[in-house]
Amino acid sequence: MDTSKKFQEHIVQSPWESVRKNDWDDWKWQLKNRITSVDQLEELIELSPEEKKGCLFANKKLALAITPYFFNLINRTQLDDPIRKQVIPRVEETFTSKGELLDPVGEDGSSPVEGIVHRYPDRVLFLVTDRCASYCRYCTRSRLVSNAQSYNFHPRFEAGLEYIRNNPQIRDVLLSGGDPLLLSNNKLDKLLGELRKIEHVEFIRIGSRIPVFLPQRINTELCGILKKHGPIWMSIHVNHPNECSLTLKEACDKLAFSGVPLGNQSVLLKGINNTTDILKNLIHKLLLMRVRPYYLYQCDLINGSAHLRTDPREGIELIRSLRGHTTGYAIPQFVIDAPGGGGKVPINPNYIESITENAIVFRNFEGKRYSYPLNKRDLHKTPDDYPDLIEPLLHN
Ligand SMILES: *Cc1c(COP(=O)(O)O)cnc(C)c1O
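So, a few notes on the structure that sits alongside this text.

Basis of the calculations
Residues numbered from 1 in each chain as written. Predicted model: local features only at pLDDT ≥ 70, side-chain atom pairs only at ≥ 80, totals over all residues. Heavy atoms only, no water. Helix = DSSP H or I, 4+ residues; strand = E, 2+ residues; numbered from the N terminus. Rg over C-alpha atoms; globule rule 2.2 N^0.38 Å. Buried < 20%, exposed > 50% of the residue type's maximum accessible area, 1.4 Å probe, protein only. Lys, Arg positive; Asp, Glu negative; His and termini not counted. Charge placed at Lys NZ, Arg CZ, Asp CG, Glu CD. Pairing = 2+ DSSP bridges. Axes fitted to C-alpha atoms, helices over the stretch in contact; angles between N-to-C directions. Core = buried A, V, L, I, M, F, W, Y, C linked by side-chain atoms within 4.5 Å. Contact = heavy atoms within 4.5 Å. Arc of directions from axis to C-beta. Near = heavy atom within 4 Å. Polar contact = N/O pair within 3.5 Å; in protein donor to acceptor, adjacent residues only side chain to side chain. Areas by Shrake-Rupley, 256 points an atom, 1.4 Å probe, with all protein chains shown as cover. Phe/Tyr/Trp six-rings, centres within 6.5 Å; stacked < 30°, edge-to-face > 60°. Parallel < 35°, antiparallel > 145°, perpendicular 65-115°, else oblique. Left-handed = near helix turned anticlockwise from the far one by under 90°.

## Things to note about the overall build of the protein chain
Inference 1: Scanning the protein chain from terminus to terminus reveals 14 helices and 12 strands.
Inference 2: Relative to the globule expectation of 21 Å for 396 residues, the C-alpha radius of gyration of the protein chain, 24 Å, shows essentially globular dimensions.
Inference 3: Projected onto its principal axes, the C-alpha positions of the protein chain cover 90 × 50 × 50 Å.
Inference 4: By residue count, 49% of the 396 residues in the protein chain fall in the buried class.
Inference 5: Across the protein chain, the mean location of the 52 positive side-chain charges is 2 Å away from that of the 49 negative side-chain charges.

Structure follows, in structure tokens:
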């Protein structure tokens, strides 16, 4: 089967048709030509009043920025386009609903030095920049990325590296931000080199939406750096099948061929990806791009995100509709990052009906009931518990 047809971009007519291909394919051109103001946006797309108000407010909360490449994936005639809703601000962002927080998963409370979040004993989140190529309107770190709020987050690596060096229980470092792949090659090379020098750090991964927002960044030089310090694992962030362009596929190919194992983290978002059909289409495309769906997040209680959040029970039912109905590799783990700082907790459909002294009774993906025996007397036995069985063997 020729799968490349599945990755065709549906661009109606690019507003950047006259741009030279060399420029378009240059990540620095894409960054320089980002859409960052309501005036620029209005030249390209007809905004609804709610969007226009959202844009006018954005610079006080989370800056507006969209790369031309990503903008082109929007079907501009559709107000409910799933890509549009991820990156074009809306007035609802200015409303704070009950339970919403500036730091919804309590990262600041687990931060021993600026830029490090140390929640799980053996691993740290290392925030190495406050910039992204484009800004997701539901960003869980809107307090500190894009510099729109007066949060004064100044990522400097030295304190973070020193903390990791001094804490030998840290075996896993997750680079995030902002987007680590916006660092220059030189900085990224040095940072990865310093981490590799630390004896107790065995696992390094990068959380990045650059392959999705700015696939042009995934060039030979960058791949060379990732390969040199490998294995480096990477979690990308795709929410909707329309993001799975041929350009993204090619970027994923380059990463995979450079020895980077790829995972995907999606956020379950109302009106964007909260149906079985959309999620199934997405995870199938991810597999074709060599990307293993990793987490599906319940949207954090970030300020101004109520219009995008779903009921967690919907997530449970969506997972139930996938598990057993498609390739196991394609199923992400649905998690809630516990409000206030408890970490990620798996939230699963319940397949277990009962556990008695004799059996565990459960239902399969079709709802049919099965059981597996629990023979208490046989639990935890070693060969020594069976002298009558072993003895004859020894004497023969
Ligand atoms: C998500 C996260 C990690 C990594 O968690 P995994 O379940 O290992 O992917 C580490 N630290 C923090 C603070 C996190 O939020």
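## Description of the sheet that holds strand S3 (residues 172–176)
Inference 1: Taken together, nine strands build an open sheet; the order of strands is S1-S2-S3-S4-S5-S6-S7-S8-S9 and the sheet is mixed. Unpaired on one side and paired on the other, strand S1 (116–120) and strand S9 (343–346) mark the two borders of the sheet. Geometrically, the sheet is characterised by an average inter-axis angle of 30 degrees between neighbouring strands, direction not taken into account.
Inference 2: As judged from the three bridges shared by strand S7 (residues 291–298) and strand S8 (residues 333–338), these two strands associate in the parallel manner.

## What to know about the nonpolar core
Inference 1: Ranked by size, the top nonpolar core spans 90 residues in total, and within it Leu-41, Phe-126 and Ile-164 carry the most contacts.
Inference 2: When sequence neighbours within four positions are dropped, the list of residues in contact with Phe-126 reads Gly-115, Ile-116, Phe-157, Gly-160, Leu-161, Ile-164, Val-173, Leu-174, Leu-175, Ser-176 and Leu-191.
Inference 3: Counting residues in hydrophobic clusters, the runner-up holds 12 residues, among them Leu-127, Cys-139, Leu-144 and Phe-153.

## Examining the sheet that holds strand S10 (residues 352–355)
Inference 1: Across the sheet, which stays open at both edges, the three strands sit in the order S10-S11-S12 with antiparallel pairing between neighbours. If you trace the sheet from one side to the other, it starts and ends with S10 and strand S12 (369–373), each paired once. Pairwise comparison of adjacent strand axes, ignoring direction, gives a mean angle of 15 degrees for this sheet.
Inference 2: Summarising the sheet, strand S11 (residues 359–363) and S12 pair through five bridges and their orientation is antiparallel. Residue pairing in the sheet places Ile-360 in a bridge with Tyr-372 of S12.

## Regarding helix H10 (residues 220–228)
Inference 1: Those residues of H10 that sit buried are Leu-222, Cys-223, Ile-225 and Leu-226. For H10, the angular spread of buried residues about the axis comes to 155 degrees, placing them on one side. In H10, those exposed residues whose orientation departs by more than 90 degrees from the buried face are Thr-220, Glu-221, Lys-227 and Lys-228.
Inference 2: As for H10, its buried residues are in contact with helix H8 (185–197), strand S4 (203–207), strand S5 (232–236) and helix H11 (246–257).

## Some thoughts on the side chain of Gln-298
Inference 1: Examined against the element boundaries, Gln-298 turns out to sit in strand S7.
Inference 2: Those residues in contact with Gln-298 that lie beyond four places of it in its chain are Thr-310, Asp-311, Pro-312, Phe-334, Val-335 and Ile-336.

## A short note on the site of the ligand
Inference 1: Taken together, the residues surrounding the ligand are Val-117, Tyr-120, Arg-123, Leu-125, Leu-174, Arg-205, Tyr-294, Tyr-295 and Lys-344.
Inference 2: Tyr-294 places a side-chain nitrogen or oxygen 2.6 Å from an oxygen atom of the ligand.
Inference 3: Protein chains shield 91% of the accessible area of the ligand, which is 390 Å² for the free molecule.
Inference 4: Listed by contribution, the elements that provide at least two residues to the shell around the ligand are S1, strand S2 (123–127) and S7.

## Some thoughts on the packing of aromatic side chains
Inference 1: In the structure shown here, the tally under the stated rule is seven aromatic pairs.
Inference 2: Pairing Trp-16 with Trp-24 gives two aromatic rings, centres 5.9 Å apart and planes at 45 degrees, and the pair type is tilted. Across the pair, exposure class does not vary: Trp-16 and Trp-24 are buried alike.
Inference 3: An angle of 65 degrees between the planes, with centres 5.6 Å apart, marks the rings of Tyr-295 and Tyr-297 as edge-to-face.
Inference 4: Taken together, the ring pairs in this structure connect Trp-16, Trp-24, Trp-29 and Phe-71 into an aromatic cluster.

## Concerning unusual backbone geometry
Inference 1: Note that the residue after Gly-177, namely Gly-178, is joined by a cis bond; omega there is 20 degrees.
Inference 2: Looking at where Gly-178 falls in the secondary structure, it is placed in the loop between S3 and H8.
Inference 3: Of note, the bond from Gly-230 into Pro-231 is cis; its omega dihedral lies within 30 degrees of zero at 0 degrees.
Inference 4: If you trace the backbone, Pro-231 turns up in the loop between H10 and S5.

## Focus on the packing of helix H12 (residues 276–288) against helix H13 (residues 312–322)
A pair of packed helices is captured by two measures, namely the crossing angle of their axes and the spacing between those axes.
Inference 1: Packing of H12 against H13 brings their axes to within 10 Å, and their N-to-C directions diverge by 60 degrees. Our classification of the angle between H12 and H13 gives oblique. In this structure, H12 crosses over H13, and the sense of that crossing is right-handed. Packed against H12, whose contacting residues are Thr-276, Leu-279, Lys-280 and Ile-283, the element H13 presents Leu-318, Ser-321 and Leu-322 at the interface.

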